[in-house]
Structure formats: structure tokens, C-alpha cells
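Listed below, chain by chain, are the residues.
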Amino acid sequence: MAERIQSIRGMHDILPEQGAAWSWLEARIRGVVEQYGYRRIRLPIVEKTELFARSIGAVTDIVEKEMYTFQDRNGESLTLRPEGTAGCVRAGIEHGLLHNQLVRLWYAGPMFRHERPQKGRYRQFHQAGVETFGMEGPDIDAELILMTARLWRELGLENVRLEVNSLGSAEARAAHRVALQAFLRSRIDELDEDSRRRLESNPLRVLDSKHPATREVLRDAPQLLEALDDASREHFDALCATLSEAGIEYVVNPSLVRGLDYYSRTVFEWITDELGAQGTICAGGRYDGLVDQLGGRSAPGCGFAMGLERLLDLLAIQGLLPEMPGPQVYVLSQGEAERRAALLLGEALRQARPDLDVLVHCGEGGLKAQMKRADRSGAQMALIIGEQERVEGSVTVRKLRGDSEQVKVAQTAVLAELQRLWPNA
Ligand code: HAM
């Protein structure tokens, strides 16, 4: 036997038995975002590498070490998208979508990051995200958060907490950066190696460090939230006031800086403790400078993305995933001519009742074995065509659940009989 080829580490097949949950979740997300007037945009999976370097930031984990980058046949450097915001902004600029209207877009699909795989962290994972443009006020930030809260409510999710922070204006961040750098240099001996390196290149990211000694040092660090410019402070206060008024619980976390450089002002994350280390199920914020940075006419932007694998894991832990629906009707037959008759009966049923899921056996095996399969498929009703039925133009209709009642009826009466034996159909 030839050697088997395995899937790539951190990139998973989504098997049919998981598929129902995926489709269900995607439909719920779509239902909620469309209720708020978001329109879907479908974006390419591959973009020019420079797009991500210029938006996410050259000195971020994603760009420095997690991108799947390759040379196209013409020598151009291309990258599998590690996230959706950059591509969405690129498309918005390219197609003139970002001006003269208040823009609300959503997208879903696979993203790629060469991270160390572990539970909840994959190299190919799926996000559903939204991006909005042209809205500067804190009301849209609040809407994004309310929309996610509504989704959690609709899904029945519990134990997710909201953390918010403001990163202020570019000027406030620059001033804070100087102060933070000076502070960290004064305590450099106490920092972990990664943080020492980041201190010079991207000191804000040191605030993200999980290293205990560094975290201890950070307790005394100058806080951006305390040095916000007036306009950002007002923006943030208004957001917090709206959240409180809407009854959304939140925690202000001054160390929440996010792993991507494009943010300004609001950032937020929805986190659960039920998924271990990878507990952030949804994250986002405002990026007022990004359109400009990517060569467009300046427009404020704000959005978020959620990790679908993490959401599904959490839904499973909380017992909120729906049952996978099987076929409702299973058609069995014995004999060659009967197999043809069964196939045609399946067709006629689907034609007459497009809402019914009908599975025709289409395989070998005696009636007993077929009956076992019908039972295991989860179907409610079995339709059986043996020689006698074929000759008579009849069908045996058998209830697979409950009292196993069985009757033979004319093929023309099958639908009425199904209805009688199984009124919910
Ligand atoms: P992010 O925080 O990098 O933000 O990713 C958003 C979400 O995607 C995370 O909270 C997590 O649920 C999921 N996620 C990220 N990496 C992985 C991974 N390796 N495996 C599984 N799930 C993962 C962004 O991507 C921004 N584009 C969000 C945004 C949109 N901000 C503004 N607009």
C-alpha cells in the first residue's frame, strides 16, 4: 500500500458529523448581523504580503512569525490571510465602498496563522467578522458590542465576560510609548527576554506579556488609559455609559492592547474561562487610521471577529449544540427492478414534498440489514418496496419510532399515509 498523506498540523477537516453544528452557527451569526443591516462581502484568501505588514504592523507576532508567505510564479510575495480586516479595507478602498455612506460589512471564512497548535489555537481557523466604516462616534462601537451580546443570548451562551479599553489617539499613544519605554528600561533586569526585545520595537505589546515577573513589573507601569487625549476619553466614557445603560456588564482592562497595530481608541474582547488558555472568543476595536495607512481617503473604521472553532467548543461544553438531523424518510428495496422503483419513489417524494429529507438505500444487502441502517440513520419512517409491492404498485410504510406500526398502501397514497402515521412531518 502506498504511504498515506496526512493533513497539515493545525489544519483540520470538518467532518460531516460536525457539519450540522457549523452550518447552524453560521446561520445564527448571519441572522443576527443581517438584522443589524450588515451586508456580506466575500474576500480572497490570498493577498499581497505588504497589505498585512502595513496594516497589522511589521513588529507583531502575526507578521514577524506567523504568516504563510510564498512567492507567486511572477516573483511577487503573497500571503494567506491571517485575518480579515486588512483585506476588507483593501477591497473597500479598491471599490470605492468606504465613502458617501455608512458602511456595515460582514465576512466569514478560513484564516491562517503559523502558531503553535494547541486546543483552541489552529493554523487554519475560521472567523466570522464585521467591519464598519464612516462612523466616528461611540454609538457604532456600542452597536458592535450589543450585537455580539445579542448573538450570545440567542445562542444561549453563558459565562462570557466583556473587557474593554481605549488606546487613545496616535499622539496619545506616541507620548505613552515614550513614557512606557523609559519605565521599562528602568526595570529591564526584571523583564523576560521577549519583553526586552519588544521594549525597543513595540513596547505596547509588552503589556500583553503573560510572564509572571514581567506582569509584576507592569503593575507600576504608566497607563495609557490615564493619559488619554480629551477626545478619546470622551469617546470612551460615552461608550461605557451606553453599555451600562444597555445593561451590558463589562470590565475596563487597561492592559488590553490587542496583537495588531492598527487599533486606535476602543478595543474589546469577549473572554471565557471555560476554554483554558485560548479563552478569547471574539475581539475587535476601532481603527480610525487604517484606511489612510492603506492609501485610501481617510475614513474611521471599527469591527470585530470571532473564532468559530472556539465558539463551537464553548457551545459544546455548555450543551448548546443542536442534534445533527438525519434523513426523515428511508427508502428500502429488494431486487433489481425494485431498486429502480425505490429510486423513483424517492424522486417523486422530494418533488411533492421539498421539505422532506429522503434517503434511498442505493446499496446491496437484505431487507433486515437495510432496516438496521434505516434505524441507525435516525429516520422516522421507512418505505419498503419488495417484489410484491412493485408488482402491485404499492409501498409498505413503517414507523421506525414508537409503536412500529406498518401498513401497505398504494404508491399514490404514500404521502397521505406518511402524514397519518407521522403527523409532525
Ligand atoms: P484577533 O484577535 O487576531 O483579531 O482574532 C479574532 C478571533 O479569532 C480571536 O478572538 C479568536 O477567537 C480567533 N482566533 C485568532 N487566532 C486563532 C487561532 N490561531 N486559532 C483559532 N482561533 C483563532 C482579528 O483577527 C481582527 N481582524 C479582529 C477585528 C476585526 N478587529 C477589527 N475588526
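Residues numbered from 1 in each chain as written. Predicted model: local features only at pLDDT ≥ 70, side-chain atom pairs only at ≥ 80, totals over all residues. Heavy atoms only, no water.

**Focus on the overall build of the protein chain**
Which entries qualify depends on this criterion: A run of H or I in DSSP counts as a helix once it spans at least four residues, and a run of E counts as a strand once it spans at least two, with each numbered from the N terminus. The atom set for the radius of gyration is the C-alpha atoms, and the globule formula is 2.2 Å times the number of residues raised to the power 0.38. Exposure classes here rest on a 1.4 Å probe applied to the protein chains alone. A residue is buried below 20% of its type maximum, exposed above 50%, and partly exposed in between. Any two residues whose heavy atoms approach within 4.5 Å at even a single point are treated as in contact. To measure how exposed things are, a 1.4 Å probe is used in the Shrake-Rupley method; for residues, cover is taken only from the protein chains shown. Neither His nor the chain ends contribute to the count of charged residues, in which Lys and Arg are positive and Asp and Glu negative. By convention, the charge on Lys lies at NZ, on Arg at CZ, on Asp at CG and on Glu at CD.
Within the protein chain, the regular secondary structure consists of 15 helices and 16 strands. Radius of gyration (C-alpha) of the protein chain: 28 Å, far over the 22 Å computed for a compact globule of 425 residues. Along the longest, intermediate and shortest principal axes, the C-alpha atoms of the protein chain span 90 × 60 × 45 Å. The proportion of buried residues among the 425 residues of the protein chain is 50%. A separation of at least 24 residues holds for 69% of the contacts in the protein chain among residues at least 6 apart in sequence. Carbon and sulfur atoms make up 49% of the accessible area of the protein chain, which totals about 21400 Å². Of the side chains in the protein chain, 53 bear a positive and 62 a negative charge, and the two mean positions are spaced by 4 Å.

**Observations regarding the site of the ligand**
How we decide: Working definition: residue near molecule or strand if any one of its non-hydrogen atoms lies within 4 Å of it. Whenever two N or O atoms come within 3.5 Å, that pair is a polar contact, provided that in protein one can donate a hydrogen and the other can accept it, and provided that, for residues adjacent in sequence, both atoms are side-chain atoms.
If you check the shell around the ligand, you find 26 residues, and the closest are E83, T85, E115, E131 and Y263. The side chain of T85 places a nitrogen or oxygen atom 2.8 Å from a nitrogen atom of the ligand. A distance of 3.0 Å is found between a nitrogen atom of the ligand and a side-chain nitrogen or oxygen belonging to Y262. Here the ligand has 660 Å² of accessible area as a free molecule, and 96% of this is covered by the chains. For the shell around the ligand, the elements supplying multiple residues, two or more each, are β6 (124–133), β10 (280–286) and β11 (301–307).

**Description of the UniProt feature "binding site: L-histidine" (unreviewed entry) in the protein chain**
Here is the rule: UniProt positions are given in the numbering used here, feature names are shortened, and annotations may be inferred rather than shown by experiment. Only protein atoms enter the calculation, which uses a 1 Å grid: trapped sets of points that fit a 1.4 Å probe without letting it out are cavities, open sets showing protein on both sides within 12 Å along at least five of seven lines are pockets, and any residue with an atom within 4 Å of a point is a lining residue.
In the numbering used here, UniProt assigns the "binding site: L-histidine" (unreviewed entry) feature to E83, G84, T85, R113, Q127, E131, R258, Y262 and Y263. Lining the second largest pocket, from this annotated set, are R258, Y262 and Y263. Position of T85 among the secondary structure elements: in helix α4 (residues 85–94). A relative accessible area of 7% places T85 in the buried class. Among all residues touching T85, those that are not within four sequence positions of it are Y107, E131, Y262, Y287 and L290. Looking at where Y263 falls in the secondary structure, it is placed in the loop between β8 (251–252) and β9 (266–271).

**Some remarks on the UniProt feature "domain: Aminoacyl-transfer RNA synthetases class-II family profile" (unreviewed entry) in the protein chain**
As recorded in UniProt, the sites labelled "domain: Aminoacyl-transfer RNA synthetases class-II family profile" (unreviewed entry) are residues 1–325. Taken as a whole, residues 1–325 contains 38% helix and 19% strand, while its terminal C-alpha atoms sit 36 Å from one another.

**Concerning the environment of L162**
Relative to the elements of secondary structure, L162 occurs in strand β7 (residues 161–166). The buried category is assigned to L162, whose relative accessible area is 1%. Separated by 96 residues in the primary sequence, L162 and E66 place their C-alpha atoms 27 Å from one another.

**Some words on the sheet that holds strand β2 (residues 46–48)**
What counts is decided by this rule: Strands are labelled as partners when DSSP assigns at least two bridges between them. With axes taken as lines fitted to C-alpha atoms, and helix axes fitted only over the stretch in contact, angles between N-to-C directions fall between 0 and 180 degrees.
Taken in spatial order, the three strands make up an open sheet running β2-β4-β3, and their pairing is antiparallel. If you trace the sheet from one side to the other, it starts and ends with β2 and β3 (68–71), each paired once. Sheet twist, expressed as the mean angle between neighbouring strand axes with direction ignored, is 35°. Two elements, β2 and strand β4 (residues 77–80), share three bridges in a ladder whose sense is antiparallel. Of the residues in β4, the one forming a bridge with E47 is T79.

**Observations regarding the nonpolar core**
For the record, the criterion: To qualify as a nonpolar core, a set must consist of buried Ala, Val, Leu, Ile, Met, Phe, Trp, Tyr and Cys residues joined through side-chain atoms within 4.5 Å.
Residues L25, F133, I145, W152, W270, I281 and M306 are the most contacted members of the largest nonpolar core, which totals 90 residues. At nine residues, the largest contribution of residues to this core is made by helix α5 (residues 138–155). Ignoring any residue separated from it by four or fewer positions in sequence, one finds W152 in contact with L157, V160, W270, I281, C282, M306 and L311. If you look at the next biggest cluster of nonpolar residues, it comprises 19 residues, including L356, V395, V409 and L421.

**Concerning the pairing of β3**
Examined bridge by bridge, β3 and β4 share four bridges and lie antiparallel to one another. Following the sheet pairing, T69 is matched in β4 by T79. From the end of β3 to the start of β4, which pair antiparallel, there are five residues, and G75 there has a positive phi angle of about 95°.

**Observations concerning the side chain of S209**
Assignment of secondary structure puts S209 in the loop between α7 (193–201) and α8 (212–218). At a separation of 3.1 Å, a polar atom in the side chain of S209 contacts the main-chain amide nitrogen of H211. When neighbours within four sequence positions are excluded, S209 is seen to be in contact with D192, S195, T214 and R215.

**What about empty space enclosed by the protein?**
Note the following rule: Grid points are joined across faces, edges and corners, and a volume is the space filled by probe spheres set on the points. Lys, Arg, Asp and Glu make up the charged group, whereas Ala, Val, Leu, Ile, Met, Phe, Trp, Tyr, Cys and Pro make up the nonpolar group; the residues left over, Gly among them, are polar.
Evaluation of the coordinates by the stated rule reveals two cavities of 30 Å³ or more. In this model, the largest cavity occupies a volume close to 40 Å³. Lining the largest cavity we find I29, V32, V33, M147, T148, L151, F304 and M306. If you list the elements that add at least two residues to the lining of the largest cavity, you get α1 (16–35), α5 and β11. Taken together, the residues of the lining of the largest cavity sort by class into seven nonpolar, one polar and no charged. Considering only enclosed or pocket space, the second largest cavity measures out at about 30 Å³ in volume. Grouping the constituent residues of the lining of the second largest cavity by class yields five nonpolar, no polar and one charged.

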